[in-house]
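# Survey of secondary and tertiary structure
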Amino acid sequence: MAATLRIQSDWSRALSRDEGEAWLSCRSPGKPTLYGSVTRRGLGSDGVPDIVASEGFVAGEVTKKSILISCPHENVSTKFLAPYTSFCRIHQKSITCLDISSGGGLGVSTSTDGTMKIWQAANGEIRRLLEGHVYDVNCCRFFPSGLVVLSGGMDAQLKIWSAEDASCVVTFKGHKGGILDTAIVDRGRNVLSCSRDGTARLWDCGKSACLGIISDCGCPINGIAVGTADNSLNLGTPEKPPSEREVGTEGKILLLAREDKKLQGVGLQSRQPVFLFVGSDAFNCCTFLSSTYILAGTQDGNIYQLDVRNTDAPIQVIHRSGAPVLSLLPYRDGFIASQGN
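Conventions and cut-offs
Residues numbered from 1 in each chain as written. Predicted model: local features only at pLDDT ≥ 70, side-chain atom pairs only at ≥ 80, totals over all residues. Heavy atoms only, no water. Helix = DSSP H or I, 4+ residues; strand = E, 2+ residues; numbered from the N terminus. Rg over C-alpha atoms; globule rule 2.2 N^0.38 Å. Contact = heavy atoms within 4.5 Å. Areas by Shrake-Rupley, 256 points an atom, 1.4 Å probe, with all protein chains shown as cover. Lys, Arg positive; Asp, Glu negative; His and termini not counted. Charge placed at Lys NZ, Arg CZ, Asp CG, Glu CD. Pairing = 2+ DSSP bridges. Axes fitted to C-alpha atoms, helices over the stretch in contact; angles between N-to-C directions. Buried < 20%, exposed > 50% of the residue type's maximum accessible area, 1.4 Å probe, protein only. Core = buried A, V, L, I, M, F, W, Y, C linked by side-chain atoms within 4.5 Å.

Before going further, it helps to spend a moment on the overall build of the chain. Looking only at helices and strands, the chain has one helix and 29 strands in total. The C-alpha radius of gyration of the chain comes to 22 Å, within 12% of the 20 Å expected for a compact globule of 341 residues. For the C-alpha atoms alone, the extent of the chain along its principal axes is close to 70 × 50 × 30 Å. Residue pairs in contact within the chain that sit at least 24 positions apart in sequence constitute 39% of those at least 6 positions apart. Element-wise, carbon and sulfur atoms account for 47% of the exposed surface of the chain, whose accessible area totals about 17,000 Å². Of the charged side chains in the chain, 34 are positive and 34 negative; the average position of the first set lies 3 Å away from that of the second.

Across the sheet, which stays open at both edges, the four strands sit in the order β24-β25-β26-β27 with antiparallel pairing between neighbours. On the outer flanks of this sheet lie β24 (283-288) and β27 (316-319), each paired with one strand and no other. Ignoring which end each strand starts from, the neighbouring axes of this sheet average 20° apart. Pairing geometry for β24 and strand β25 (residues 293-298), over five bridges, is antiparallel. Residue Phe288 lies in a different strand from β25, and its bridge partner there is Ile294.

Within the fold, Asp204 resides in strand β18 (residues 199-204). A relative accessible area of 3% means that Asp204 is categorised as buried.

Turning next to the nonpolar core. Phe172 and Val191 are the most contacted members of the largest nonpolar core, which has 25 residues in total. At the level of elements, β9 (106-111), β10 (116-120), β12 (137-142), β13 (148-153), β14 (157-162), β15 (168-173) and β16 (179-185) are the ones that each hand at least two residues to this core. At four residues, β12 tops the list of elements feeding residues into this core. Other than its neighbours up to four places away in sequence, Phe172 contacts Ala156, Gln157, Leu158, Ile160, Val191, Trp203, Asp204, Cys205, Ser208 and Ala209. Phe283, Phe288, Ile294 and Tyr304 belong to the second largest nonpolar core, which has 18 residues in total.

Across the six residues that make up β9, a large majority, six, are buried. Here five bridges tie strand β8 (residues 95-100) to β9, and the two strands are oriented antiparallel to one another. Paired with Ile100 across the strands is Gly107, a residue of β9. Here β8 hands over to β9 after five residues, with Gly104 in that stretch at a positive phi of 85°. Pairing analysis gives five bridges linking β9 to β10, with the strands arranged antiparallel. Paired with Thr110 across the two strands is Met116, which belongs to β10.

Below is the structure:
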């Protein structure tokens, strides 16, 4: 597995000062971690920072918004990009979840400061404060329209909000424990939630009703994802005809990232198990790369790539550090992962 090169601090802020410094580390599996630093010695005549790296590292191409760092000993290099912009006044404490509307104009986020806010993605201007949950809000996401927000909280309630006037238009009750993640089926006539109570549930937005328990695992379900299944996959047959209020569930598979070290696939319409994969630790998150390939991240830092047609063994296991994998997002031909370090 390749070495991993990291800057261990906010380098863009550290190096914006006349004599700023940021810490470096280069880690290869099975080898001692190499540590160093990069230091700014001032500005060049072109306004680009003059950067020098400590022994064992090389500062290559430097611009006002990026820096290329190499570690020749491990034959690895990484380009670090500065934030395009930073919004420091939306929340007072750590951000726990965020989403951007389909049009890119609005953001919604939750925080350990107890608030959930909608803001302008262009400048961070706060547009709406969404109040109504009791205790912490764990998750939030926009509906495909970009005009409506879905949220779940430790109060075991699932809520739908208007992004235009901050009104709570629907509240779903039925879970017996805090809601940990949500998913939206197609355009959003049905939504999904998972909870500490061990269940994943399907909801009808139009009638504010639970359409059924998709799975009851007996342990917390930390994350879910819904996607269209590969045609060759047997999703099972429903024990009884689905409700006419179910829209878009046919041909879909629901992924469950479980606390008991298991990643499970369930036929969304059939409620039947499709596969069960056992990992190295509790699964925190999961996502689809395609109708065939999926990703899931664990508490001990592993990212598993699996083929849903055969989950006996993973395609690959990526381990960059032992920090928990907290979220996964498909991006272009790859993906983005966040970890708890």
